[in-house]
Amino acid sequence: MRWPIRYQILVPFVGLQLATVGVVGGVMSWLAVVQAKGEIQTRVAEVQQTLEETNFPLSRQILEQLKSLSGGDFVVISDQEIVSSTLTLRSEDQEVLVINHGNELGRSALSFERLMTIQGQRYFSGISRRLQSVPPSSVMILYPETKWHIARWEAVAPPLFAGCCLLVATVLISTWVSGRISGRVQLTHQHVARIAGGDYTPTNVRDGDDELIDLSCAVNQMAGIIAQSLRTAREGERSRLISQLVGGLAHQLRNALTGARISIQLHERRCEKRDDEALGVALRQLRMTEEQIKSLLRLSRGESEPRFREKLKVIVDDVIGLTLPIFAHRQIEFVCRSTSFPGLVDDADAVRSALLNVMLNAMDACGPGGEVGLGCEVTDGNVVLEIIDNGPGICDEISESIFQPFFTTKPEGVGLGLAMARRALEDNAGSITMERRGELTVFRLQFPYQEELSDEVTLETELYHNEVMR
């Protein structure tokens, strides 16, 4: 059977409070009854003492005054005869009183254990002997049982009422507290149910600092992690499928480009006009496209050509040579901000591919009439290439996403250029970052710096190019 948490909190708490209030109320009521009983006995005892110490005649008027002080009735008996009384007695009642007077002579104090019935009314009785009066007499004190019940109820009622009020207040407060806690737990349960149903919207967390607030925050955090994990999984699956497609197409295109480049080179050798500019432009375009395809293969399948070292200046001059015609065609000014590009690069293809992709991205960003600059510095054992453009830049909200595959802000872009650049640099133990400097956008390509060994590099480069030509 389902046992809601509300009742798990409410029932034990109310039960404990009920037992506590019951015990406290019972004890207070008993003490009140004892106190009331003692007060009655004290008043009667004071009257008895007064009667025993005086010898004035007890007329009915005096007995009435004593009755108002003590609350009891009085019967004066002398020589087995009733002299006066505050009660209107019949003959049979007088006989009962005389008989009880004889039985009570050995006792004096008012007793709540002995009862006598007179005219249908029950009384507690006591005896006061007046030995100094003339003639000697006894005063029988009769305290009505009904007055005792009234006095007892008046003594019990205040603590009983206070206990009931406390119990009601306790039940109401306990119900409110348990309902509030149960409601907050129910909201958390509904939030978890929404998460299970695929809704990862965070719920509003109330102000405060307790365990349920911590639980709500943890559920919100869990929902965010699940949503991010699902997005990552979907993007990963999408990227994997697209990478397979891109990798297959890149292989086919690379083979076709290689064949086209070799055919143009053979034609250039046989052509009488070997300095034909059109052939040079075609070869540069084919080479730049081949570099892009290498980057695609590196990004999609992690494939790359065998590494060979090259001087950084050779790589930079090569990229500038490939891109200068495009700068001129798009009417973009190119400024080389450094006079030297020192050091060696372990993986020349990786750095060439990254630099080429970032340069092309800078061209697209600044547009016609814009300006692109290239600088270099060596710091902390690393070479840093800076590609600077005066385009509109990228807002901070998407600055962390621009290096993700297939993320683009261009209407016709595919979002692979910067992703290929990052992959190429990471393969060369480097990194790429973007920052804004006033109105300029700066991409920083960083990779380890190595001293130049000209003979070894030249030989290695020649062997590599010979292998490619074959």
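Conventions and cut-offs
- Sequence positions are assigned chain by chain, starting from 1 and proceeding in written order.
- Local features in a predicted model are, by the rule used here, given only for residues with pLDDT of at least 70; side-chain atom pairs are given and counted only at 80 or more, and totals for whole chains, interfaces and linings are based on all residues.
- To get the side-chain values, all heavy atoms of the structure are used, and hydrogens and water are removed first.
- Secondary structure elements are taken from DSSP: a helix is a run of H or I of four residues or more, a strand is a run of E of two residues or more, and numbering for both begins at the N terminus.
- Burial classes follow relative accessibility: with a 1.4 Å probe on protein chains only, a residue under 20% of its type's maximum area counts as buried, one over 50% as exposed, and anything between as partly exposed.
- Only the protein chains shown count as cover for residues, and the accessible areas themselves come from Shrake-Rupley with a 1.4 Å probe.
- One speaks of a salt bridge when a side-chain nitrogen belonging to Lys or Arg is within 4 Å of a carboxyl oxygen belonging to Asp or Glu.
- Between the N-to-C directions of two axes lies an angle of 0 to 180 degrees, each axis being a line fitted to C-alpha atoms and, for a helix, fitted only over the stretch in contact.
- Here the word oblique covers every angle except those under 35 degrees (roughly parallel), over 145 (roughly antiparallel) and from 65 to 115 (roughly perpendicular).
- Helix crossings fall into two classes, left-handed where the near helix is turned counterclockwise from the far one by less than a right angle and right-handed where it is turned clockwise.
- Note on contacts: a residue pair is in contact if any heavy atoms of the two residues lie within 4.5 Å.
- Amino acids are sorted into nonpolar (Ala, Val, Leu, Ile, Met, Phe, Trp, Tyr, Cys and Pro), charged (Asp, Glu, Lys and Arg) and polar (every other residue, Gly among them).
- Strands qualify as paired when DSSP identifies two bridges or more between them.
- When the centres of two rings from Phe, Tyr and Trp lie within 6.5 Å, Trp using its six-membered ring, the rings pair. Their planes under 30 degrees apart give stacked, over 60 give edge-to-face, and anything left gives tilted.
- The quantity known as pLDDT measures the predictor's confidence residue by residue, on a range of 0 to 100.
- Each helix should span, by expectation, one fewer than its residue count multiplied by 1.5 Å.
- Fitting axes to the seven residues that end at a residue and to the seven that start at it, the angle between those axes gives the bend at that residue.
- Two N or O atoms form a polar contact when they lie within 3.5 Å of each other; inside protein one atom must be a possible hydrogen donor and the other a possible acceptor, and for residues adjacent in sequence the pair counts only when both atoms belong to side chains.

Overview of the overall build of the protein chain
Helix and strand counts for the protein chain come out as 10 helices and 12 strands. For the protein chain, the proportion of its 470 residues judged to be buried stands at 39%. Here the protein chain has roughly 26700 Å² of accessible surface; of this, 56% comes from carbon and sulfur atoms.

Examining the pattern of salt bridges
Inspection of the entire model under this criterion finds 12 salt bridges. For Arg 437, the salt bridge goes to Glu 386, with nearest N and O atoms at 2.8 Å. Of this pair, Arg 437 sits in strand 11 (residues 431-437) while Glu 386 sits in strand 10 (residues 382-389), and the two are 51 residues apart along the sequence. Take Arg 437: its relative accessible area is 36%, and that puts it in the partly exposed class. Where salt bridges share partners, they join Glu 377, Glu 386, Glu 435, Arg 437 and Arg 444 into one cluster.

Things to note about the packing of helix 8 (residues 348-366) against helix 9 (residues 417-427)
Look at helix 8 against helix 9: their axes get within 8 Å of each other, and the N-to-C directions meet at 155 degrees. One element, helix 8, and the other, helix 9, form an angle in the roughly antiparallel class. Crossing hand, helix 8 versus helix 9: left-handed. Contact residues: helix 8 offers Ala 350, Ala 354, Asn 357, Val 358 and Asn 361, while helix 9 offers Gly 417, Leu 418, Met 420, Ala 421, Ala 424 and Leu 425. Of the residues that constitute the contact of helix 8 with helix 9, the class distribution is 8 nonpolar, 3 polar and no charged.

As for the pairing of strand 4 (residues 121-130)
Of all 10 residues in strand 4, 7 are buried; the element is thus mostly enclosed. Where strand 3 (residues 115-118) and strand 4 come together, 4 bridges link them in antiparallel fashion. Among the inter-strand pairings, Met 116 is bridged to a residue of strand 4, identified as Tyr 123. As paired strands, strand 4 and strand 5 (residues 137-144) are joined by 8 bridges and run antiparallel to one another. Residue pairing for strand 5: Arg 129 is matched across the bridge by Ser 138.

Focus: the sheet that holds strand 11
Taken together, the 5 strands give an open sheet; going across it, the order is 7-9-10-12-11, and neighbouring strands pair in mixed fashion. With partners counted over all chains shown, the strands left at the sheet margins are strand 7 (333-336) and strand 11, one partner each. Strand-to-strand twist of the sheet, defined as the mean angle between neighbouring strand axes without regard to direction, takes the value 20 degrees. Its contacts with the sheet put helix 8 on strand 7, strand 9 (371-379), strand 10, strand 11 and strand 12 (440-448), and the angle it makes with strand 10 is roughly 20 degrees.

Things to note about the packing of aromatic side chains
Scanning the model with the defined rule gives 1 aromatic pair in all. Measuring from centroid to centroid gives 5.1 Å for Phe 327 and Phe 334, while their planes differ by 35 degrees, and the two rings are tilted. In this structure, Phe 327 and Phe 334 share a single accessibility class: buried.

Focus: the confidence of the model for the protein chain
Summary statistics for the protein chain give a mean pLDDT of 76 and a share of 74% for residues scoring 70 or more. In this model residues 455-470 is a low-confidence stretch, pLDDT under 50, and it forms 20 contacts with partners more than four residues away in sequence or in other chains.

Remarks on the sheet that holds strand 3
An order of 2-1-5-4-3 is seen for the 5 strands of this open sheet, with the pairing classed as antiparallel. On the outer flanks of this sheet lie strand 2 (81-85) and strand 3, each paired with one strand and no other. Strand-to-strand twist in this sheet, taken as the mean axis angle between neighbours without regard to direction, amounts to 40 degrees. Along the sheet, helix 2 (residues 60-70) contacts strand 1 (73-78), strand 2 and strand 5; its crossing angle with strand 1, the most-contacted strand, is approximately 140 degrees. The strands touched by helix 4 (residues 145-196) are strand 3, strand 4 and strand 5; relative to strand 5, the strand with the most contacts, the crossing angle is about 50 degrees.

Digging into the environment of Ala 19
Take Ala 19: it is sitting in helix 1 (residues 5-53). Judged by its relative accessible area of 42%, Ala 19 falls in the partly exposed class. Measuring from C-alpha to C-alpha, the distance between Ala 19 and Leu 167 comes to 9.8 Å, with 148 residues separating the pair along the chain.

Considerations on the pairing of strand 2
Alignment of strand 1 against strand 2, held across 4 bridges, turns out to be antiparallel. Looking at strand 2, one finds that Val 75 is bridged to Ser 85. Hairpin geometry of strand 1 and strand 2 is characterised by an intervening segment of 2 residues between the two adjacent antiparallel strands and by a positive phi of about 55 degrees at Asp 79.

Describing helix 4
Over its 52 residues, helix 4 extends 73 Å from the first C-alpha to the last, a length consistent with the 76 Å expected when each residue adds 1.5 Å. Ala 157 marks where helix 4 bends most, by close to 35 degrees; the proline Pro 158 follows one to four residues later. Backbone geometry just downstream of helix 4 places Gly 198 in the positive-phi region, at approximately 100 degrees.

Re the side chain of Thr 86
With respect to the element layout, Thr 86 can be found in the loop between strand 2 and helix 3 (91-104). Polar contacts involving the side chain of Thr 86 include one to the side chain of Asp 73, which spans 3.0 Å. Setting aside anything within four residues of it in sequence, one finds Thr 86 in contact with Arg 60, Leu 63, Glu 64, Lys 67, Asp 73 and Phe 74.

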